[in-house]
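Fold and geometry: a report
What follows is the residue order along each chain.
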Amino acid sequence: MVVALGGGVVGDLAGFVAATFLRGITLVQVPTTVLSMVDSSVGGKTAVNLPAGKNLVGAFHPPILTLVDVGLISGLPIREVRAGWAEVIKTAAIFDPALFDELDTVPLVELQPDRMADILERTVRWKERVVHEDPRERGIRVVLNFGHTVGHAIEATTGYGTYLHGEAVAIGLVAASRLSVRAGFLDAGVAARIEDMLARTGLPTRYDPTFTNANAILDRTLTDKKVESNRVRWVLLRDIGQVVVTDELSADVIRDVVEALVRH
Ligand SMILES: NC(=O)c1ccc[n+]([C@@H]2O[C@H](COP(=O)([O-])OP(=O)(O)OC[C@H]3O[C@@H](n4cnc5c(N)ncnc54)[C@H](O)[C@@H]3O)[C@@H](O)[C@H]2O)c1
Ligand SMILES: [Zn+2]
């Protein structure tokens with residue numbers, strides 16, 4: 001068997017090796033970053049990058065076991081810890097009002113291990129549930145993409161070197177929340193709560209114009225892999241815990257929201 005001990009990069013690479021070596025051998029994930037604990041070590045997606053793009057070669061290969069030890073987080077750089085919390089906030093926003101309320105009451109980066117283990121476990125259970133229902137990402141799993149359409153575009157247009165995945169997702173979560181408001185689905189107060197939570201966790205909520213710009217982000221959004229026949233499927237919110245997927249956002253609204261997210 002292959003045991004992947006590390007963050008998402010190690011997990012994706014080792015997972016891909018396990019998926020392909022001898023047409024597939026047993027995989028165990030031992031994630032060591034917040035992001036890999038709540039996200040990449042569960043769900044079975046494995047991949048490596050090609051010069052032409054990220055994650056272009058891969059396979060679905062679920063681990064037989066994912067073992068999480070939150071004690072490993074104490075050695076993790078604080079920026080990486082924060083980036084992982086972006087996925088926790090995302091998960092709470094799309095699935096779990098009670099968890100979201102709880103996240104609002106504590107400074108996330110200062111959590112004690114027991115409390116952290118509890119929150120990370122509740123987060124990863126949501127992912128597990130969705131993946132169990134839709135292992136190949138043909139349906140409901142798309143909701144995990146909340147915040148990722150603009151997030152991926154920010155990562156890609158900044159060359160994957162400026163923002164960590166979770167940081168780009170944090171800006172993408174602000175974009176998706178504001179789009180939800182502009183589309184008439186979400187109360188502005190809820191969008192503000194999401195944005196405040198991200199900011200309090202020390203995550204960026206605006207992109208830096210030195211590294212990218214609205215035109216580049218908008219162009220890239222249209223080539224996101226979740227695009228179907230040229231329509232972007234936007235994952236938006238009606239409320240905390242209630243997702244709506246739509247391909248009917250006006251280009252002007254999208255442009256407005258993305259332009260407003262530039263850091264001054
Ligand atoms: N397969 C999936 O479903 C999925 C989902 C989300 C993200 N990903 C992928 O995961 C990757 C990001 O994963 P990540 O955020 O874990 O980053 P990472 O794997 O790059 O790890 C971040 C950094 O922390 C270091 N590190 C890891 N664990 C540590 C520890 N316990 N103490 C000290 N340092 C430690 C690593 O060496 C690295 O420098 C991306 O490539 C992304 O595409 C995959
Ligand atoms: Zn993500």
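Just so we're clear, the structure is a prediction, and the values are computed from it rather than from any experiment.

Within the first shell, the zinc ion (ligand 2) binds the protein through Glu87 (OE), His148 (NE2) and His165 (NE2), at distances of 1.9 to 2.1 Å. Read N to C, the donor residues that coordinate the zinc ion (ligand 2) are spaced as E-x60-H-x16-H. Of this pair, Glu87 sits in helix α3 (residues 78-95) while His148 is found in helix α6 (residues 148-157), placing the two residues 61 residues apart along the sequence. Of the residues examined, Glu87 reaches a relative accessible area of 1% and is grouped as buried.

The next point concerns the domain arrangement of the chain. A common measure of how large an interface is: the accessible area buried when the components associate. Per the domain assignment, the segments of the chain are domain 1 (2-72) and domain 2 (77-116 + 133-260). Relative placement of domain 1 and domain 2: their C-alpha centres are 23 Å apart. Taken residue by residue, the interface counts nine residues in domain 1 and 13 residues in domain 2. At the surface where domain 1 touches domain 2, the tally comes to one salt bridge. Across the pair Lys45 and Glu137 runs a salt bridge, and its minimum N-O distance is 2.8 Å. For the pair domain 1 and domain 2, the number of links is two residue pairs in polar contact (both at pLDDT 80 or more). Sorting the residues of the side of domain 1 that touches domain 2 by element identifies α2 (34-40) and β4 (53-60) as the ones contributing at least two each. Sort the elements by how many residues they give to the side of domain 1 that touches domain 2 and α2 lands first, with four residues. Among the residues making up the side of domain 1 that touches domain 2, the classes are represented as five nonpolar, one polar and three charged.

How each quantity is defined
- Residues numbered from 1 in each chain as written.
- Chains lettered and ligands numbered in written order.
- Predicted model: local features only at pLDDT ≥ 70, side-chain atom pairs only at ≥ 80, totals over all residues.
- Heavy atoms only, no water.
- Donors = N, O, S within 2.8 Å, 3.2 Å for Na, K, Ca; no water.
- Helix = DSSP H or I, 4+ residues; strand = E, 2+ residues; numbered from the N terminus.
- Buried < 20%, exposed > 50% of the residue type's maximum accessible area, 1.4 Å probe, protein only.
- Domains from an automatic or database assignment.
- Contact = heavy atoms within 4.5 Å.
- Salt bridge = Lys/Arg side-chain N within 4 Å of Asp/Glu carboxyl O.
- Polar contact = N/O pair within 3.5 Å; in protein donor to acceptor, adjacent residues only side chain to side chain.
- Nonpolar A, V, L, I, M, F, W, Y, C, P; charged D, E, K, R; others polar.

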